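Breakdown of the fold
Okay, here's what each chain looks like letter by letter:
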Amino acid sequence: MRALVAFDTRNPPRAIDGGGIFAYLQAQLPGFDCTLTDHGAGAISLLAVRGAPRLLFNVHLDTVPDSPQWSASPFALRVTGDRAIGLGACDIKGAAAALLAAAAHSDGACAFLFSSDEEANDARCVPAFLRACSPRPPGEEPVLSSSKDARRAGEGSGTPQASIHGADTSRHPASSPVAARDAIQGIASAQQPRPSPQPLSRRERGFAAIIVAEPTRGEVVLAHRGISSVLMRFAGVAGHAAGVQQASSSALHQALRWGSRALDWVDTQAHQRFAGLTGLRFNIGRVEGGIKANVIAPSTELRFGLRPLPSMDSDAILAQLRALADPAPAQFEETFRGAPLPAGDIADAEARRLAARDLADELDLPVGNAVDFWTEAALFSQAGYTSFVFGPGDIAQAHGADEWVALDQLAAYAAHVQRIIARGLA
């Protein structure tokens, strides 16, 4: 964990490449087939597979920027009697360190997906994985992630790892024998022509379930809210503020009136419920416009975010909020959307929540309450995977100065992962 925290993986600016922290990870995973992929703009992912696991552990390595309130270097891990302090210690390099430790102390099958783009609204790593690796149909046995060709190619090189940087992994599932063969034989020399992909059997198409590491205090989270970010622009007509104004004259007045109506409407959704969560979370995060006090504002930009329940229709909510503007906004654009966990309509969401609960029970993991924050587990759920969130740390410590994770939660999480791997449950 000390080594992981020392790497600067702040996002933004996301100045991350295939060396640094990713080179360190691969060095800590002997015996794993490793697929390193550059998705551009500092988004790097590493898929590390040993044996033929059915579960995939996912953890992001990027952190938020540090603030001036840190009492010491955010990149130097400090360990006290009960906590480890450092940038990303809670969110969520502590889990990454625990995964490495668990893998080193057991030899069972396991798979890890490390990513570096979770902390900004520019998801590339997980969507690329999902395009390449569909959920495995229930009841089908996995295939080994290392083919004879891959093992043969590794002989004499002193390492069983195959590393790809900037490679196109979308043609084959990254954990399949086809991908392992391509990684070592086809991509080792960019000048060599790439053979036509062979059709994949359903047995080669991926993992059965995904466990996403985020700070959940060492308890499984089966449900959380979705997230949506929206840009609105209002248009008025510049003029002297001493004159009589129409309702549409000032873009700033339009924005303020809309905000009041929107807040009142959100209050009417307080009765909505799902898995212990209630109501609609809504926040006007930024309003900018106008020129000066005696000039009618010709333009205003407003940004808001909302976090719906899994049972809510995000499109219907956005349509309602847009209709509250009078006159209609000059622009109303959703800039980011993340599905809730579990994804799907109300019936599908409940079925997926129960499937995830069954998996947590099978793995003998403690189950906690639903949470308000969003995670990339929703992306896996939306793609059809059984998925839940499980990691050490408390979200209350994430993103703050002197961020920390409790040592007992870190140890408990590592012990759970080691047990799952050692008993062949992964």
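Residues numbered from 1 in each chain as written. Predicted model: local features only at pLDDT ≥ 70, side-chain atom pairs only at ≥ 80, totals over all residues. Heavy atoms only, no water.

1. Observations regarding the overall build of the protein chain
Convention followed: Numbering of helices and strands starts at the N terminus; helices are DSSP runs of H or I of at least 4 residues and strands are runs of E of at least 2. Exposure categories follow from relative accessible area, calculated using a 1.4 Å probe and restricted to protein chains: below 20% of the type maximum is buried, above 50% is exposed, and the middle band is partly exposed. Using the Shrake-Rupley algorithm and a 1.4 Å probe, accessible areas are obtained, with residue cover drawn only from the displayed protein chains.
Looking only at helices and strands, the protein chain features 11 helices and 15 strands. Looking at the 426 residues of the protein chain, the share that counts as buried comes to 50%. As displayed, the protein chain has an accessible area near 18400 Å², and 50% of this comes from carbon and sulfur atoms.

2. Points about the confidence of the model for the protein chain
Quick note on the threshold: For every residue, the predictor reports its confidence as pLDDT, a number between 0 and 100. Residues are treated as being in contact if the distance between any of their heavy atoms lies within 4.5 Å.
Looking at the protein chain as a whole, its pLDDT mean stands at 86, while 84% of the residues score no less than 70. Note on residues 141-205: pLDDT under 50 across the span, and 110 contacts to partners over four residues away in sequence or across chains.

3. With respect to the sheet that holds strand E1 (residues 33-38)
Note the threshold: The pairing criterion for strands is at least two bridges between them, as found by DSSP. Orientation is described by axes fitted as lines to C-alpha atoms, over the contacting stretch for helices, and by angles from 0 to 180 degrees between their N-to-C directions.
Read from one edge to the other, the open sheet built from 6 strands follows the order E1-E2-E6-E3-E7-E14, with strand pairing classed as mixed. In this open sheet, the two strands that pair with only one neighbour each are E1 and strand E14 (386-389). Neighbour to neighbour, the strand axes of the sheet diverge by 15° on average, direction disregarded. Summarising the sheet, strand E2 (residues 44-50) and strand E6 (residues 110-115) pair through 5 bridges and their orientation is antiparallel. For Val49, the partnering residue across the bridge sits in E6 and is Ala111. Relative to E2, helix H4 (residues 125-132) is tilted by about 50°, and along the sheet it contacts E2, strand E3 (55-60) and E6. This element, helix H9 (residues 346-362), spans E3, strand E7 (209-212) and E14 of the sheet and lies at about 70° to E14.

4. Some thoughts on the sheet that holds strand E13 (residues 331-338)
Taking strand neighbours across the sheet as the criterion, the 4 strands line up as E11-E12-E8-E13 in an open arrangement whose pairing is antiparallel. The outermost strands of the open sheet, each flanked by one partner alone, are strand E11 (281-289) and E13. Sheet twist, expressed as the average angle between the axes of neighbouring strands with direction ignored, equals 15°. With 7 bridges joining them, strand E8 (residues 227-235) and E13 adopt antiparallel strand pairing. Bridging across to E13, Ser228 finds its partner in Arg337. Those strands touched by helix H7 (residues 251-267) are E8, E11 and strand E12 (299-307), and its axis lies near 175° from that of E11. Docked against the sheet, helix H8 (residues 314-323) engages E8, E11, E12 and E13, running at close to 155° with respect to E13.

5. Side note on the packing of helix H3 (residues 89-104) against helix H11 (residues 407-422)
Filter applied, for reference: Oblique is the label for any angle not under 35 degrees, not over 145, and not in the 65 to 115 range, which are roughly parallel, roughly antiparallel and roughly perpendicular in turn. The sense of a crossing depends on the near helix, which, turned anticlockwise from the far helix by less than a right angle, makes the crossing left-handed and, turned clockwise, makes it right-handed.
Axis separation between H3 and H11 bottoms out at 9 Å; the angle between their running directions is 40°. One way to sum up the angle between H3 and H11 is to call them oblique. Here H3 runs over H11; the crossing is right-handed. For the pair H3 and H11, the contacting residues are Gly94, Ala95, Ala98, Leu99, Ala102 and Ala103 in the first and Leu410, Tyr413, Ala414, Val417, Gln418 and Ile421 in the second.

6. Side note on H9
The following threshold applies: Here the expected length of a helix is defined as 1.5 Å per residue gap, with one fewer gap than residues. Think of the arc as the fan of directions from the helix axis to the C-beta atoms.
With 17 residues, H9 should cover 24 Å at 1.5 Å per step; its first-to-last C-alpha distance of 25 Å lies within 8% of that length. Listed in full, the buried residues belonging to H9 are Ala349, Ala356, Leu359 and Ala360. Projected down its long axis, H9 shows its buried positions confined to an angular sector of 100°, all on one face. Those residues of H9 that are exposed and aimed more than 90 degrees away from the buried face are Ala347 and Asp358.

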